[in-house]
Every structure is written in structure tokens, then in C-alpha cells.
Amino acid sequence: MTAREGDQSTCSTFFYLSKSQIVGVIPIMVQKYQSPVRVYKHPFELVMAAYERRFPTCHLIPMFVASDIVNEETSEDGSTQKIERRCALDVDAPRLLKRIAGVDYVYFIQKNTLNRKERTLHIESHNETFSNRVVVHETCCYSVHPENEDWTCFEQTASLDIKSFFGFESTVEKIAMKQYASSIKKGKEIIEYYLKELDDEGITHVPRWSPSSHSLPLSSPTSLSTNQPELGIVPADSVPLSADAKDGTSQDAKQDSNMLQNDSLAEILAGTPEDKLDADYIKRYLGDLTPLQESCLIRLRKWLQETHKGKIPKDEHILRFLRARDFNMDKAREILCQSLTWRKQHQVDYLLETWSSPQVLQDYYTGGWHHHDKDGRPLYILRLGQMDTKGLVRALGEESLLRHVLSINEEGLRRCEENTKVFGRPISCWTCLVDLEGLNMRHLWRPGVKALLRIIEVVEANYPETLGRLLILRAPRVFPVLWTLVSPFIDENTRKKFLIYAGNDYQGAGGLVDYIDKEIIPDFLGGECMCEVPEGGLVPKSMYRTAEEVENEDIRLWTEMIYQSASIFKGAPHEIVIEIIDASSVITWDFDVCKGDIVFNIYHSKRAPQVPRKDTMGAHGITSPGGNNVQLIDKSWTLGQDYSMVESPLTCKEGESVQGSHITRWPGFYILQWKFHNMAACSATNLPRVDDVLATLQVSSHKCKVMYYTEVLGSEDFRGSMTSLESSHSGFSQLSAATTNSNQSQSSSMISR
């Protein structure tokens, strides 16, 4: 634990995350932390002056008792300075634990590299005490803001590996988490404290380094003070101001600003690190998160960027999945990847633009958006008691109702974004008001309840933490029966947000007026605001459709998706065949690895493989939602004689999204194969790698899942280079338009992840 650099003390990182027991392999998993980008709205040189005031001790960090410089180097021109310190910390731990450990202080080695020319400070630290039992490594960096040279950015990464600690691993972990949480909150405040101290002393400007300044006497930054103007710290009243500088902007800064104004927006944004989150942005748009929560968000976001090149979910959407799993990153990643696959398969991202509600829904679906609640959350009103659920199911079918509800949820996400901007605070969920006046046994019609349960299941899986509050009004006696049927399908955290009122209880204190402004309470609930939600009524039986018509409509909606899913088993790959007539055609593919690791291959054969019979319903995922499995390459075929490999095998990890193309050289039959990935066997002289062992433990079965789409394009469909994936006629190219392509393969195939 070190006397750290800007935002947290390294000691706080000492044991900060939960350990995982891997029986028979290793006792503890390596944990990692990634901070958001923290911005100081002060020049780099001034922040450095404030930073150095933390040494050799800092009264704002009681546990930081001492630091000694053990080595110091300065380049000849004075632009680079390296300082190595040994820092002592008095960890707030039980006396018994200290006696058992045999130490009073914990020592860390901190190495700082200050580059005045590049305006960066790189910090590396590691623990010296207990280094054979615990390995802590931390890196931090101060640098100039990419868009404002008068601001300074701070970032930190850390890793922790607890091998053993006298049997007190859990106790040490709790101590470290407590100290970590408290110190990280003070991190930025400490730098701001010393910046204010400098300002109180009249020091508001520190000149930048220049080649001519290296002739000035140099000493350790630790000794910086207002009595040493030769070091470059200049009191405010001693700095001559030009006309431009008097308004707080230097001539150079103004020139830079004018240049930026003349640049295109794309060029400006190109200088911004898109893969990083600013701490102020998190607070403004995502809310107050603990340091560990921030780290989970940043790490999951980074993982998605690495595996889903191109379009990834918005930050608030990622955060919802983390909250739904109490910020367990592995669990959140699993359900998020499943949801992303589902969204892609059903084209949910385009639902608001492509879905048009049938007229019967517009007339008889008794739900709609109505202003917002007192917290600024969008308010959705559902008059369930007035809805003819049986009539809607008979007239539309289950799939149309599901799509309509999905469009409501998509609209809710959009409204949350709008309200976040309008109210100036994070709004990530909405309030739903359900009026049960009129609910009766007709609503318990079994197919209707079945449709309702399926809708709840889909919404729970793909829109977690979007419901902020559910107000159930005028619940009749039949409601407990419906609640008994529905409640098991609702997440426990969601159920805690339910408020149920019987009769007219909602009208008094503790009722609607506590959550909704009196001015927008709907008229049908005794308010004065006109509500545009349809009143509903019975759907005319003339609009009912036969079971066959409804089933055909459901199948049409399911098969509108362009993706197919497949299961891959150990020893049973999934293969598809594409016949090519024109040798200059282009085969394109887009697939997601939903579960497990797979190897993707492409083969060519002059012979047509024997296509096995398969269940057509299963191919559409209606009766077999898990996907199909087809083998085409006959076991009697010999590689190199009956068929040949035209692409190098590509290993794809779980969660990756892969796009690519292959320019065909010969007519014939091309076989695309997804095969179960077997980890390379370890040699007899080597121990198993930890990553391989952990991966093996996480595999529950020898089964993988992929979701794929393929398309064959003629050369005339391509714009520009033959290796371009941008086709003017291809739906595939639009799906992957935002995807980065890299590394052309041996057969002119471009594969991107």
C-alpha cells in the first residue's frame, strides 16, 4: 500500500476484491481493478505540484506513516525524472492479526517516472511485505486531457493475487475492502485539497518544461515550495499577463481552440479515447457508483469492446445487467451475452422503426405512456382490468403481443435517455401504474395467462432493472389467484418494487400523491388530467382468427429473423453447404459464439455432400429453440482428396462476434463448419496452465452454441475492392457496417471480431 498518486492509496487495493476458491487447483483467483478516467480541471504542471505535497507523509491519509526516497535519477536536459520510494503504511487491522503476521507496518515500493516534455507521470507500485504470500501490482498515470491541454487525466489499474495469509484470507479481505472503499472516496479530494492550498498561497501557474529551462537548478519534487521560484512555481501576482491571458486563456490555447473549431466533429472525436469512461460522466449519466461498481462496469465494457467489435450496448444498459446480478461480473456477462444474442436474432434494435402495431392493438390494448413521476421516471399506465386479454390473444396471437410489449420496453429505454437530459440526473428506469378495476376470472383464461408468463419471462431476461416502481391499484379479490400464478416468474428484486393498493386506498396519504404529482393523476383515478390510454372493451369476435391462422402468423414472425442457431457437440460439428456456380463469388458470414469455444473452418469440394434429412420446424427454432446440428462431411472422405481446406482454422471464444468473407476461386461446394474446440493437451513435462484449468472447470458440458447468418454475393455487388465487406445489396453488410475488419487471411478472407 503506497502513498499514492491521486485517487486512491495502493493499500486500499491490497486485498480489495472477493476471492474465489478453486478446489484442488489454486486457492485464490487473480482479481483486477480498473478505474474510470478522473479529470482535474487544472494544468498538468499544477497538479504535479499538488501531488508532490503528499510526500513524505500526508495528514489526510492517517495510515500513510512515512516514505523514503531510495533512488533518484534525472536526465541531462531535466525533462525526465525517476524517483523510487519505500512507503510504510499502518494498516487498520486487529492486533492479533498483526502479531500473527509479525509486522507493524506494511511496505510498498513505488516507482515514479515524470516526463515533463510529454507531460506524463507513470507510477508503478508493488508490495514488499508478504510478497511471497500476496502479490499486489498497481499502475497509475497522469496525462494531459486529449481535448483540453489545460486539464489533467488520472487512470489506475491494479491486480491482486492472495496466495495464502496464515489462514486469515477472508479477514484480510474484509479489512482491505473497508480501507479501499474509504480511501478511494478521498483520493480526488486530497489532490483538490493541495490545489486549493497552492491557490491560497497565490500559486496558480507552473510554467511548462522547455529545453531552455533545464539550466535551472533541479531538486527533488518533494521539496517544492513557494519559497523556491527557481523550480518553476510562480505566485499569481508575479506572472505578467498579456491581454489574452488576462481572461484565463493563453495565446497558444486560443489558437488551438480556433483550430479545433475549424476541424470537423469527427476529427475532434478521433482524439477522444472511446474505450474509456470519465468519472464525471459516470456520475452525471449513470449515477453514484462505488469504486468496485465502477471497475465492474469498465471491465465488462472493455470486454465487450474486445469481443464485439462495432456496436455494443450503451453504458446504462450494461449497468442494468450488472445491477441485476449484484455486480457479479461473470454472471452479468453471461446474461448480457444471452440478451445480445437474442436482440440480434430478433432484430430488436430496429423494432421501433420496423414494428407497426396492428389496428386491433391500437384500439383495444389499454396501455400507454403518461408524463412522468415525481422522480422524473417515465410513467406507463396499464388498465389491465379493462383489457380483453382473451380477445387480443385470439385476434393477434402470442407473438404479436410479445412484439408489442417489446416495443413498449424499447420506447421506455428511449424515454429514460430523454429524461436524463431533461432533468439533469441519471434516470435508468420507469414507473408502471397498473389499474386492476374490472379484473375477473375471464383474465385467468389459460392461454392468456400462458402468454402473460412468456412475456414476463422475456422481459425479465432482457430488460433487467428497468422497472423502478410498480403501483398496482384497485386490486380485486381475484388478484391473489393471478399473483400466485405470476409471481414465481418475477425476479425477487423486482417484486420488492411492487406497491399494491386495494379499493380506494391509493387516494389517501401514502398513495398515488406520494409518487405522482397531483396535476397528472389520470381522470379515471379521480385526478384532473386527461389520459389518452384507450379504454379497451371486448374485441369483436369477428376479428378472431383460427388457430391455424394464428400459428402461421407466429411462424412468420419467428422466421422473419435472418439468423439461424446451431448446437455443436464434442465430435459432432455443425456444417452448412453453399453451392457456388460463379468462381468469383463472395461468401460472407456473421456469427456469434453464444456458448463455449469453437473452431471455424471453410472447406471446398467438387462433390456434393449428402444432405441429411432434418426437422424443418426445428430449423426455425420453434420446437427446438436450442438450435440444430447437421454433419455433411462424410466420414469416408479424406482431407486433401475429397475436399480441401480453403481458410486457416479460426478459434473463437465464447461471447465473440465474428464477421468475414471469402472470395471463391473455384465453382463447387463450400462447407462452412463450426467445430467444438478441444484445448491442446499439455505435455507430460509441463503442468497444466491455470487459464486452461479454470476454463475446464467452467465448462458444464461438451456443448457449444452459435447463431449465424451467411450470404453469397456476386462480384458486381461490391463497391471498391473485392475484399471489401461493404455491399450495396447485402443485408449482411448493414449488420456489420460498424464492425472493424482486420487481418486478411490467406484466401482473401477478412475476419473481424
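Residues numbered from 1 in each chain as written. Predicted model: local features only at pLDDT ≥ 70, side-chain atom pairs only at ≥ 80, totals over all residues. Heavy atoms only, no water.

**Some remarks on the overall build of the protein**
Along the backbone of the protein there are 20 helices and 26 strands. Here the protein has roughly 37,300 Å² of accessible surface; of this, 51% comes from carbon and sulfur atoms. (Helix = DSSP H or I, 4+ residues; strand = E, 2+ residues; numbered from the N terminus. Areas by Shrake-Rupley, 256 points an atom, 1.4 Å probe, with all protein chains shown as cover.)

**Considering the state of the cysteines**
In total, this model carries 0 disulfides according to the counting rule given. Here Cys-140 stays unpaired: no disulfide links it, and the sulfur of Cys-141, its closest cysteine neighbor, is 8.8 Å away. Accessibility expressed as a relative area gives 4% for Cys-140, which makes it buried. (Disulfide = S-S within 2.5 Å. Buried < 20%, exposed > 50% of the residue type's maximum accessible area, 1.4 Å probe, protein only.)

**Focus on the nonpolar core**
By size, the foremost hydrophobic cluster in this structure holds 49 residues, and its most contacted members are Tyr-365, Leu-392 and Leu-436. Where this core is concerned, the elements lending two or more residues are helix H11 (359–364), strand S12 (378–382), helix H12 (389–396), helix H13 (398–423), strand S13 (430–435), helix H14 (446–462), strand S14 (467–473) and helix H15 (479–486). Those residues in contact with Tyr-365 that sit more than four places away from it in its chain are Val-360, Tyr-380, Leu-382, Met-387, Leu-392, His-404, Val-405, Ile-408 and Pro-534. In this structure, Val-47, Met-63, Cys-140 and Tyr-142 belong to the second largest nonpolar core, which totals 28 residues. (Core = buried A, V, L, I, M, F, W, Y, C linked by side-chain atoms within 4.5 Å. Contact = heavy atoms within 4.5 Å.)

**A short note on the sheet that holds strand S11 (residues 367–372)**
Taken in spatial order, the 5 strands of this open sheet run S11-S12-S13-S14-S15, and their pairing is mixed. In the strand order of this sheet, the two ends are held by S11 and strand S15 (498–500), each with one partner. Within this sheet the neighbouring strands show an average axis-to-axis angle of 20°, counted without direction. Where S14 and S15 come together, 3 bridges link them in parallel fashion. (Pairing = 2+ DSSP bridges. Axes fitted to C-alpha atoms, helices over the stretch in contact; angles between N-to-C directions.)

**Considering the environment of Gln-338**
Residue placement: Gln-338 occurs in helix H9 (residues 329–345). Residue classification places Gln-338 among the partly exposed residues on the basis of a relative accessible area of 48%. The sequence separation of Gln-338 and Cys-594 amounts to 256 residues, and the corresponding C-alpha distance is 6.8 Å.

**Considerations on helix H7 (residues 291–307)**
In a regular helix each residue adds 1.5 Å, so 17 residues correspond to 24 Å; H7 covers 24 Å between its end C-alpha atoms and thus fits that length. Those residues of H7 that fall on the buried side of the exposure criterion are Pro-291, Glu-294, Ser-295, Cys-296, Leu-297, Ile-298, Leu-300, Arg-301, Trp-303, Leu-304, Gln-305 and Thr-307. (Expected span 1.5 Å × (residues − 1).)

**As for the packing of H14 against H15**
Packed helix pairs are specified by the crossing angle of their axes together with the interaxial distance, meaning the distance between the axes. Running from N to C, H14 and H15 cross one another at 50°; their axes reach a closest spacing of 10 Å. By the criterion of interaxial angle, the relationship of H14 to H15 is oblique. The two elements H14 and H15 meet at a crossing, and its hand is right-handed. For the pair H14 and H15, the contacting residues are Val-449, Leu-452, Leu-453 and Ile-456 in the first and Leu-482, Leu-485 and Val-486 in the second. Across the contact of H14 with H15, the residue classes tally to 7 nonpolar, no polar and no charged. (Parallel < 35°, antiparallel > 145°, perpendicular 65-115°, else oblique. Left-handed = near helix turned anticlockwise from the far one by under 90°. Nonpolar A, V, L, I, M, F, W, Y, C, P; charged D, E, K, R; others polar.)

**Some thoughts on the side chain of Thr-307**
Tracing the backbone through its elements, the reader meets Thr-307 in helix H7. Overall, Thr-307 belongs to the buried group, its relative accessible area being 7%. Polar side-chain contacts of Thr-307 include one of 2.9 Å to the backbone oxygen of Trp-303. (Polar contact = N/O pair within 3.5 Å; in protein donor to acceptor, adjacent residues only side chain to side chain.)

**Remarks on the packing of aromatic side chains**
Scanning the model with the defined rule gives 19 aromatic pairs in all. Plain terms: the ring middles of Trp-637 and Tyr-643 are 5.9 Å apart, the flat faces sit at 40° to each other, and that makes the pair tilted. Residue class for Trp-637 comes out buried when judged on its relative accessible area of 9%. Judged by its relative accessible area of 13%, Tyr-643 is buried. An aromatic cluster of at least three residues, connected via ring pairs, comprises Tyr-40, Tyr-51, Phe-55, Phe-64, Tyr-142 and Phe-154. Positioned above the aromatic ring of Phe-524 is the side chain of Arg-383, whose terminal nitrogen or guanidinium carbon lies 3.9 Å from the ring centre. (Phe/Tyr/Trp six-rings, centres within 6.5 Å; stacked < 30°, edge-to-face > 60°. Lys NZ or Arg CZ within 6 Å of the ring centre and 35° of its normal.)

**Details of the pattern of salt bridges**
Proximity of charged atoms lets side chains of opposite charge pair with each other. Following the criterion strictly, the structure yields 29 salt bridges and no others. The closest approach of N and O atoms between Arg-415 and Glu-411, which form a salt bridge, is 3.0 Å. With Arg-415 and Glu-411 both in helix H13 and 4 residues apart, this pair spans about one turn of that helix. Arg-415 gets classed as partly exposed once you look at its relative accessible area, which sits at 26%. A relative accessible area of 14% means that Glu-411 is categorised as buried. Three or more residues are tied together by salt bridges with common partners; here these are Glu-398, Glu-399, Lys-450 and Arg-454. (Salt bridge = Lys/Arg side-chain N within 4 Å of Asp/Glu carboxyl O.)

**Let's talk about the pairing of S11**
Consecutive side chains of a regular strand alternate in pointing toward one face of the sheet and then the other. Across 4 bridges, the pairing between S11 and S12 is antiparallel. When the sheet's bridge partners are listed, Gly-368 is paired in S12 with Ile-381. Here S11 hands over to S12 after 5 residues, with Gly-376 in that stretch at a positive phi of 85°.

**Let's talk about unusual backbone geometry**
A cis amide bond links Phe-55 with the next residue in sequence, Pro-56, at an omega value of 5°. In this fold, Pro-56 is placed in the loop between helix H1 (44–52) and strand S3 (64–74). The backbone of Arg-474 shows a phi angle near 55°, a positive value even though the residue is not glycine. Inspection of the secondary structure puts Arg-474 in the loop between S14 and H15.

**Structural notes on the confidence of the model for the protein**
Scored by pLDDT, the protein has a mean of 76; 72% of the residues are at 70 or more. Averaged pLDDT values over the elements of the protein bottom out at 30 in helix H20 (residues 731–735) and peak at 96 in S12. Within the model, pLDDT remains below 50 along residues 1–28, and this stretch shows 132 contacts once partners closer than five positions in the same chain are excluded. Note that residues 681–700 has pLDDT below 50 and, in this model, 12 contacts with residues that lie over four places away or in other chains. (pLDDT = per-residue confidence, 0-100.)

**Observations concerning the packing of H12 against H13**
Across the interface, H12 lies against H13 with an axial gap of 7 Å and an inter-helix angle of 110°. Considered as vectors, H12 and H13 are oriented roughly perpendicular to each other. Each of Leu-392, Val-393 and Leu-396 in H12 lies in contact with H13, whose residues at this interface are Glu-398, Ser-400 and Leu-401.

**What about the pairing of strand S17 (residues 574–580)?**
Of all 7 residues in S17, 5 are buried; the element is thus mostly enclosed. For S17 and strand S23 (residues 668–676), the ladder comprises 7 bridges, and the chain directions are antiparallel. Bridge assignment links His-574 to a residue of S23, and that residue is Trp-674.

**Let's talk about the side chain of Ser-357**
Mapped onto the secondary structure, Ser-357 falls in the loop between helix H10 (351–354) and H11. Engagement of the side chain of Ser-357 in a polar contact is seen with the side chain of Trp-355, the distance being 3.5 Å. Residue contacts for Ser-357: discarding those within four places in its chain leaves Gln-362 and His-404.

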